[in-house]
Amino acid sequence: MAASTAFPSFNEAASALVRLGRRFDARNWVLGTSGNFSVVLTREPLTLAITPSAAHKGELSADAILRVDAAGVSQTGQPSAETRLHLELTRLRGAGAILHTHSVWSTVLSDRHALDGGLAIEGYEMLKGLDGIVTHEHREWVPIVDNSQDMQELAGRMRDALTEHSAAHGLLLRRHGLYTWGADLAQAGRHVEILEFLFEAVGRSQSDASA
């Protein structure tokens, strides 16, 4: 992952997260109050701009975005319940942004392939939209881990899966959704678009084959 040269200000990050929320809501990737997004503001000490708990991502305002510290604590509101996962992924991947979506196809495939431990995607031109991938012949392995309401336990499962599959660009939580990341928000947003496209393409292909 190419390192971002500079971190955004809080105001820049908040405005960008609002725009992203509206875009993803329009694609039905964060229906209801699902999903959560974060951007790294500083690395030492680690601070994030993150979406608040129980917020509709298509109706966010910049003043709703929260700043959290390395312990996931905000002084101004209640951050996403999954803040711990954002912090874990930021440390694991050295990412500048973490994005979590709840699309239909990511949810379906995360259940359909759970017993395999992951989903293999290969042969699609859209794979070249993932950071560092230069050929459609690439085989992307998307790990799948069982969901949990215990964020400490879930963070451990994610850490184990991504330690084993260090080249992965995303991770699926079973019957839950996608987590992906990037050096900055633009790259993370592109990864969502690429992976969600691939999930739908694979899901439709599998459904047609079994009909």
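Above this text is the structure in question.
So, here's what we can say about the structure.

Cut-offs and rules
Residues numbered from 1 in each chain as written. Predicted model: local features only at pLDDT ≥ 70, side-chain atom pairs only at ≥ 80, totals over all residues. Heavy atoms only, no water. Core = buried A, V, L, I, M, F, W, Y, C linked by side-chain atoms within 4.5 Å. Buried < 20%, exposed > 50% of the residue type's maximum accessible area, 1.4 Å probe, protein only. Helix = DSSP H or I, 4+ residues; strand = E, 2+ residues; numbered from the N terminus. Contact = heavy atoms within 4.5 Å. Expected span 1.5 Å × (residues − 1). Salt bridge = Lys/Arg side-chain N within 4 Å of Asp/Glu carboxyl O. Lys, Arg positive; Asp, Glu negative; His and termini not counted. Polar contact = N/O pair within 3.5 Å; in protein donor to acceptor, adjacent residues only side chain to side chain. Pairing = 2+ DSSP bridges. Axes fitted to C-alpha atoms, helices over the stretch in contact; angles between N-to-C directions. Parallel < 35°, antiparallel > 145°, perpendicular 65-115°, else oblique. Left-handed = near helix turned anticlockwise from the far one by under 90°.

1. Considering the nonpolar core
Note that soluble globular proteins tend to have their nonpolar side chains buried in a common cluster.
And step 1. Counting residues in hydrophobic clusters, the biggest one holds 22 residues, and the most contacted among them are L17, F24, F37, A49, I65, L99 and L185.
And step 2. Sorting the residues of this core by element identifies α1 (10–26), β1 (36–42), β4 (97–101) and α5 (185–210) as the ones contributing at least two each.
And step 3. Considering every element that reaches this core, the biggest residue donor is α1, with 8 residues.
And step 4. Apart from the residues within four sequence positions on either side, L185 is in contact with A16, L17, L20, V39, A97 and L99.
And step 5. L109, I121, I194 and F199 belong to the second-largest nonpolar core, a separate cluster that totals 17 residues.

2. Description of α1
And step 1. Relative to the 24 Å expected for 17 residues at 1.5 Å per residue, α1 spans 25 Å between its end C-alpha atoms, a close match to the ideal helical length.
And step 2. Along α1, the residues that are buried comprise F10, A13, A14, A16, L17, V18, L20, G21 and F24.
And step 3. Against β1, β2 (47–50), β3 (66–68), β4 and α5 lie the buried residues of α1.
And step 4. Positive backbone phi, approximately 65°, marks N28, located one or two places after α1.

3. Topic: the pattern of salt bridges
Once the charged atoms of two side chains with opposite charge are near each other, the side chains can pair.
And step 1. By the definition in use, this model includes 9 salt bridges.
And step 2. For R23, the salt bridge is made with E193, and the minimal N-O distance between the two is 3.0 Å. Of this pair, R23 sits in helix α1 while E193 sits in helix α5; the two residues are 170 residues apart in sequence, bridging distant segments of the chain.
And step 3. For R23, a relative accessible area of 39% translates into the label partly exposed.
And step 4. E193 gets classed as partly exposed once you look at its relative accessible area, which sits at 31%.
And step 5. In this structure, R204 engages E200 in a salt bridge whose closest nitrogen and oxygen atoms are separated by 2.9 Å.

4. Considerations on the side chain of R93
And step 1. Following the sequence through the fold, R93 ends up in helix α2 (residues 83–93).
And step 2. For the buried R93, no salt bridge is present, and the opposite-charge side chain at shortest range is E140, 8.0 Å distant.

5. Structural notes on the side chain of S74
And step 1. Relative to the assigned elements, S74 resides in the loop between β3 and α2.
And step 2. Look at S74 and you get buried, because its relative accessible area is 14%.
And step 3. Side-chain polar atoms of S74 contact the backbone oxygen of R67, separated by 3.4 Å.
And step 4. In this structure the side chain of S74 is engaged in a polar contact, spanning 3.5 Å, whose partner is the backbone nitrogen of G77.
And step 5. Setting aside chain neighbours within four positions, we find S74 in contact with L66, R67, V68 and P79.

6. Looking at the pairing of β1
And step 1. Of all 7 residues in β1, 6 are buried; the element is thus mostly enclosed.
And step 2. As defined by bridge partners, β1 adjoins β4 across 4 bridges and the pair is classed as antiparallel. If you follow N36 over to β4, its bridge partner there is H100.
And step 3. As paired strands, β1 and β2 are joined by 4 bridges and run antiparallel to one another. Looking at the pairing, V40 lines up with L48 of β2.

7. Considering the packing of helix α3 (residues 104–112) against α5
The packing of two helices is summarised by the inter-axis angle and the distance between the axes.
And step 1. For the pair α3 and α5, interaxial distance at closest approach is 9 Å and the crossing angle is 60°. The angle between α3 and α5 places the two elements in the oblique class. Handedness of the α3/α5 crossing: left-handed. Taking contact as the criterion, the partners of W105, S106, L109 and R112 in α3 are, on α5, E196, F199, E200, V202, G203, R204, Q206 and S207.

8. Considering unusual backbone geometry
And step 1. Backbone torsion omega between E44 and P45 reads 0°, so that peptide bond is classified as cis.
And step 2. Take P45: it is sitting in the loop between β1 and β2.
And step 3. Located in the positive-phi region is N28, a residue other than glycine, with phi close to 65°.
And step 4. The class for N28 is partly exposed, based on a relative accessible area of 44%.
And step 5. Notably, R175 is not glycine yet its phi reads approximately 55°, a positive angle.

Honestly, that's just the spatial picture; any functional story needs more than this.
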